[in-house]
Amino acid sequence: MRTTVTIEEVVRETPSTVTLRFRYAPTALPGQFVMIWLPGDDEVPMSLSYVEPEPLKGVTVKVMGATSRHFNQLEKGVRVGIRGPYGNHFDLTPSNILLVAGGSGAAVLAPAAEAAHRRGSKVSVALGATTANEILFRDRFARFAEEVFLSTDDGTEGRKGFVTNLLPEILSSRKFDAVWSCGPEVMMVKTLRASEEHGVPFFGSLERQMKCAINLCDACAFGPYHVCTEGPVFDGKTLASVEDFGTFKRDASGQRVRA
Amino acid sequence: MDALTVKVAGVEFRNPFLLASGIWGESGASLHRAYVAGAGGVVTKSIGREPRTGYPNPTIERLDDWGLLNAMGLPNPGIKNYAEEVRFALSKGVKVVGSVFGGTPEEFALLSVEMEKLGVGSIELNLSCPHAKGYGSEIGADPELLSEVVRAVKKAVKVPVWAKLTPNTSDPALLAAAAESAGADAISAINTVRALAIDPVGMRPVLYHGLGGLSGPAIKPIGLAFIWQAYEKVRIPLVGIGGITTPEDAFEYLLAGATLLEVGTAVADSGGTVFHTLADGLREILKERGFGNVAEAVGAAHRK
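Residues numbered from 1 in each chain as written. Chains lettered and ligands numbered in written order. Predicted model: local features only at pLDDT ≥ 70, side-chain atom pairs only at ≥ 80, totals over all residues. Heavy atoms only, no water.

Taken together, the contacts link 38 residues of chain B with 33 residues of chain A. Roughly 2,900 Å² of surface becomes buried between chain B and chain A when both sides are summed, with 52% attributable to carbon and sulfur atoms. When the buried surface of chain B facing chain A is broken down by residue, Glu26(B), Arg33(B) and Asn57(B) rank first, second and third, together holding 21% of it. Counting across the interface, chain B meets chain A through 4 salt bridges. A salt bridge links Arg250(A) to Glu85(B), with the shortest nitrogen-to-oxygen separation between them at 3.1 Å. Taken together, the connections running from chain B to chain A amount to 20 residue pairs in polar contact (both at pLDDT 80 or more). Among the elements of the structure, helix H1 (28–36), strand S5 (60–63), helix H2 (79–91), strand S13 (204–205) and helix H9 (265–270) of chain B are those that each provide at least two residues to the side of chain B that touches chain A. A total of 4 residues in the side of chain B that touches chain A trace back to one element, the largest contributor, which is S5(B). (Contact = heavy atoms within 4.5 Å. Buried area = accessible area lost by both parts, 1.4 Å probe. Salt bridge = Lys/Arg side-chain N within 4 Å of Asp/Glu carboxyl O. Polar contact = N/O pair within 3.5 Å; in protein donor to acceptor, adjacent residues only side chain to side chain. Helix = DSSP H or I, 4+ residues; strand = E, 2+ residues; numbered from the N terminus.)

Now the structure itself:
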């Protein structure tokens with residue numbers, strides 16, 4: 001069921017990313033997403049970047065197209081449509097977790113990491129961004145993470161290059177019992193491979209075309225799975241079993257196109 | 001023969017419950033999955049000539065548990081791209097009914113020929129989508145246009161042709177009769193019922209397209225009435241669609257005159273487990289009420 005929420009806080013996270021906070025009663029688990037509707041514009045899927053016990057839930061939006069640009073310009077007091085939460089969530093039981101996030105992928109992983117930390121798990125974080133001021137939630141992670149490893153494409157902060165370049169060293173020198181990842185799919189493919197090499201179970205949050213979000217329209221088909229319901233979080237074995245992972249996406253018509 | 005096995009226009013289905021068009025049908029893997037979940041067969045998404053993105057979101061609006069409003073706008077990858085999905089499903093042994101939509105009789109015929117070449121066992125003509133300009137019910141609500149389409153397709157293919165009709169008409173029997181006399185091998189009904197949702201906060205329609213189509217339990221009585229009226233008018237088999245959620249719903253559709261049944265909204269809600277629930281439940285009901293098989297129950301309410 002759709003309802004309307006009022007934006008109570010707008011936080012500029014990076015030049016291209018903004019967090020919108022609002023009061024929304026339905027219980028959400030970290031990893032789940034909502035469909036947010038700007039009346040007169042599009043309705044889009046967004047993973048929750050803040051969930052309970054936070055009094056205000058939140059979504060963190062990166063400017064990609066016209067609709068997210070519209071989101072980026074929203075101000076306090078604006079009302080938006082919302083339905084959900086939908087999908088599955090991260091399993092919080094591992095005791096020593098490595099997060100590997102690229103760009104706005106950190107928005108999906110942050111609430112899960114906080115929840116795991118509250119349960120007593122240790123969390124380390126590898127954060128990648130295009131440039132220093134685009135590193136998302138660095139302070140948020142620093143509050144509880146064992147270690148935060150940084151990388152930027154242009155070398156303005158942390159190691160220069162992709163975040164996946166950090167993995168061989170991190171994974172060989174420390175013991176983890178789970179890797180959680182979200183970001184560009186090529187990054188997740190590489191992260192999955194590195195996790196497998198080190199024998200660490202992998203879980204990744206996927207993004208696909210989203211229309212109904214309630215297991216009906218097949219727009220989010222990923223092999224035999226529906227990302228809206230059986231995802232967005234999949235284990236490494238499932239991801240590796242689907243030919244599309246890192247390679248194909250379906251466009252709005254349902255056509256499989258190179259990712 | 002198993003009590004649930006049904007034959008329509010020479011094509012056999014292991015049970016009467018088919019995946020309705022538009023649900024899960026974008027990928028061959030999902031069609032296969034519905035079949036594995038227990039569907040007697042699957043109807044593809046309605047396919048056109050060219051890729052079509054459909055409408056922007058919101059494309060659906062959930063109305064508690066009694067209904068679902070949608071205006072997807074016939075998104076589909078076009079027949080050429082869709083071929084791989086149909087081939088995948090067929091290679092897994094899935095009973096596939098190919099659904100097509102067009103703007104002219106020629107377009108319907110061309111698409112049906114392509115579907116037939118891919119190997120589908122039957123074709124369903126979408127003459128009833130309530131929210132796509134120039135397509136669906138804009139053609140199918142006019143008995144003459146509907147007849148032209150059915151005739152053109154019948155001339156072009158050998159496999160059975162089902163005409164899927166719209167409830168958004170004052171005279172269901174008239175449309176059913178037109179489809180039959182044009183040569184249709186079966187009639188499927190109903191497509192969704194034209195409907196609207198308004199957002200009272202934003203003071204505008206919720207769906208991007210404005211008008212949409214209602215499905216789910218709310219429309220079961222409308223579907224039953226359509227099947228009832230069509231059964232009194234035509235001799236060809238009827239495929240009942242509209243709000244089928246429980247085995248009792250299915251039994252009622254059989255009594256009203258349907259031979260096959262399509263399930264849509266309930267598939268989404270159950271994640272596909274509904275097919276087993278429906279099949280097991282209907283088997284029980286038929287036995288309990290003294291029917292040896294599905295065919296014996298078809299139209300039984302008319303004989304009281």
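Our next topic: the pairing of strand S9 (residues 148–152) of chain A. All names here are of chain A. In terms of burial, S9 is largely enclosed, as 4 of its 5 residues are buried. As paired elements, strand S8 (residues 122–129) and S9 share 5 bridges and run parallel to each other. Bridging across to S9, Val-125 finds its partner in Val-148. (Buried < 20%, exposed > 50% of the residue type's maximum accessible area, 1.4 Å probe, protein only. Pairing = 2+ DSSP bridges.)

A word on helix H10 (residues 274–288) of chain B. Given 3.6 residues per turn, any residue in an α-helix points the same way as the ones three and four places further on. Residues and elements named next belong to chain B. Taking 1.5 Å of rise per residue, the 15 residues of H10 would be expected to cover 21 Å, and the 21 Å separating its terminal C-alpha atoms lies within 8% of that figure. Residues Val-274, Phe-275, Leu-278, Ala-279, Gly-281, Leu-282, Ile-285 and Leu-286 constitute the buried set of H10. For H10, the secondary structure elements touched by its buried residues are strand S3 (17–19), H1, helix H8 (247–256), strand S16 (260–263), H9 and helix H11 (294–297). Two residues or fewer after H10 comes Gly-290, characterised by a positive phi angle close to 80°. (Expected span 1.5 Å × (residues − 1).)

Glycine aside, residues mostly have negative phi angles, and peptide bonds mostly take the trans form. The step from Asn57(B) to Pro58(B) runs through a cis peptide bond, and the omega angle for that step is -5°. The residue Pro58(B) is located in the loop between strand S4 (41–43) and S5 in this model. Of note, the phi angle at Phe137(A) is positive, near 60°, even though the residue is not glycine. Tracing the sequence through the fold places Phe137(A) in the loop between S8 and helix H3 (138–142). One non-glycine residue, Trp24(B), adopts positive backbone phi at about 60°. With respect to the helices and strands, the residue Trp24(B) is situated in the loop between S3 and H1.

Moving on, we get to the domain arrangement of chain A. All names here are of chain A. Here chain A is partitioned into domain 1 (3–86) and domain 2 (96–258). Placing the centre of domain 1 and that of domain 2 at their C-alpha centroids yields a distance of 20 Å. On the side of domain 2, 21 residues touch domain 1, which itself brings 23 residues to the contact. Across the domain 1/domain 2 interface, buried area totals approximately 1,700 Å², and carbon plus sulfur atoms make up 64% of it. One can count 0 salt bridges joining domain 1 with domain 2. By residue number, the principal contributor to the side of domain 1 that touches domain 2 is strand S4 (residues 43–50), which donates 6 residues. Across the side of domain 1 that touches domain 2, the residue classes break down as 10 nonpolar, 8 polar and 5 charged. (Domains from an automatic or database assignment. Nonpolar A, V, L, I, M, F, W, Y, C, P; charged D, E, K, R; others polar.)

Another point: the nonpolar core. One finds Leu125(B) and Phe275(B) to be the most contacted residues of the largest nonpolar core, which totals 145 residues. Tallying contributions element by element places H10(B) first for this core, with 7 residues. Lining this core are residues from two domains, each supplying at least three of them: domain 1 (3–86) and domain 2 (96–258) of chain A. In contact with Phe275(B), not counting residues within four places along its chain, are Phe17(B), Leu18(B), Leu19(B), Ala34(B), Ala37(B), Gly38(B), Ala39(B), Val263(B) and Val267(B). With 30 residues, the next largest nonpolar core counts Ala101(A), Ile135(A), Leu136(A) and Phe137(A) among its residues. (Core = buried A, V, L, I, M, F, W, Y, C linked by side-chain atoms within 4.5 Å.)

Turning our eyes to something else, we now look at the side chain of Glu124(B). All names here are of chain B. The topology assignment puts Glu-124 in strand S8 (residues 122–126). There is a polar contact of 2.8 Å between the side chain of Glu-124 and the side chain of Ser-188. Once residues lying within four places of it in the same chain are set aside, the contact partners of Glu-124 are Ser-21, Val-43, Val-97, Gly-98, Ser-99, Val-100, Trp-162, Lys-164, Ser-188 and Glu-262.

In this section: the packing of helix H6 (residues 172–181) of chain B against helix H7 (residues 220–233) of chain B. Residues and elements named next belong to chain B. Interaxial distance between H6 and H7 falls to 8 Å at its minimum, and their mutual angle equals 50°. What the angle tells us is that H6 and H7 run oblique. Considering how the two elements wind past one another, H6 and H7 form a crossing that is right-handed. Where H6 abuts H7, its residues Pro-172, Ala-173, Ala-176, Ala-177 and Glu-180 lie against Phe-226, Gln-229, Ala-230 and Lys-233. Of the residues belonging to the contact of H6 with H7, the class tally is 6 nonpolar, 1 polar and 2 charged. (Axes fitted to C-alpha atoms, helices over the stretch in contact; angles between N-to-C directions. Parallel < 35°, antiparallel > 145°, perpendicular 65-115°, else oblique. Left-handed = near helix turned anticlockwise from the far one by under 90°.)

With that settled, consider the sheet that holds strand S1 (residues 3–14) of chain A. Residues and elements named next belong to chain A. An order of S1-S2-S5-S4-S3-S6 is seen for the 6 strands of this closed barrel, with the pairing classed as antiparallel. Pairs of neighbouring strands in the sheet enclose a mean axial angle of 45°, with direction left out of account. Lying over the sheet, helix H2 (residues 105–118) contacts S4 and strand S5 (57–62), oriented at roughly 40° with respect to S4.

Residue and element names in this part refer to chain B. There is a patch of nonpolar side chains on the surface, built from Leu-196, Ile-198 and Leu-211 and spanning about 270 Å² of accessible area. Topologically, Ile-198 is positioned in strand S12 (residues 198–199). Note on Ile-198: relative accessible area 51%, which makes it exposed. (Patch = residues over 30% accessible without salt bridge, like charges linked within 9 Å, V, L, I, M, F, W, Y side chains within 5 Å. Areas by Shrake-Rupley, 256 points an atom, 1.4 Å probe, with all protein chains shown as cover.)

As a further point, take the environment of Glu243(A). Residue and element names in this part refer to chain A. Within the element layout of this structure, Glu-243 appears in the loop between helix H6 (236–241) and strand S16 (248–250). Along the backbone, Glu-243 and Leu-167 are 76 residues apart, and their C-alpha atoms lie at a distance of 24 Å. Beyond its immediate stretch of four places on either side in the chain, Glu-243 contacts Phe-248 and Arg-256. At 3.4 Å, the side chain of Glu-243 and the side chain of Arg-256 are in polar contact.

Residue and element names in this part refer to chain B. On the surface, Glu-106, Asp-142, Glu-144 and Glu-148 cluster together into a negatively charged patch. Mapped onto the fold, Glu-144 is located in helix H5 (residues 143–156). Here Glu-144 falls in the exposed class, since its relative accessible area comes to 63%. (Lys, Arg positive; Asp, Glu negative; His and termini not counted. Charge placed at Lys NZ, Arg CZ, Asp CG, Glu CD.)

Now for the sheet that holds S16(B). Residues and elements named next belong to chain B. Spatially, the 8 strands close up into a barrel ordered S3-S4-S7-S8-S9-S10-S15-S16, and their pairing is parallel. The average angle at which neighbouring strand axes cross in this sheet is 25°, direction not considered. When strand S15 (residues 238–241) meets S16, the two strands line up parallel, connected through 3 bridges. For Val-239, the partnering residue across the bridge sits in S16 and is Leu-260. Helix-sheet contacts for H10 involve S3 and S16, and the interaxial angle to S3 is about 165°.

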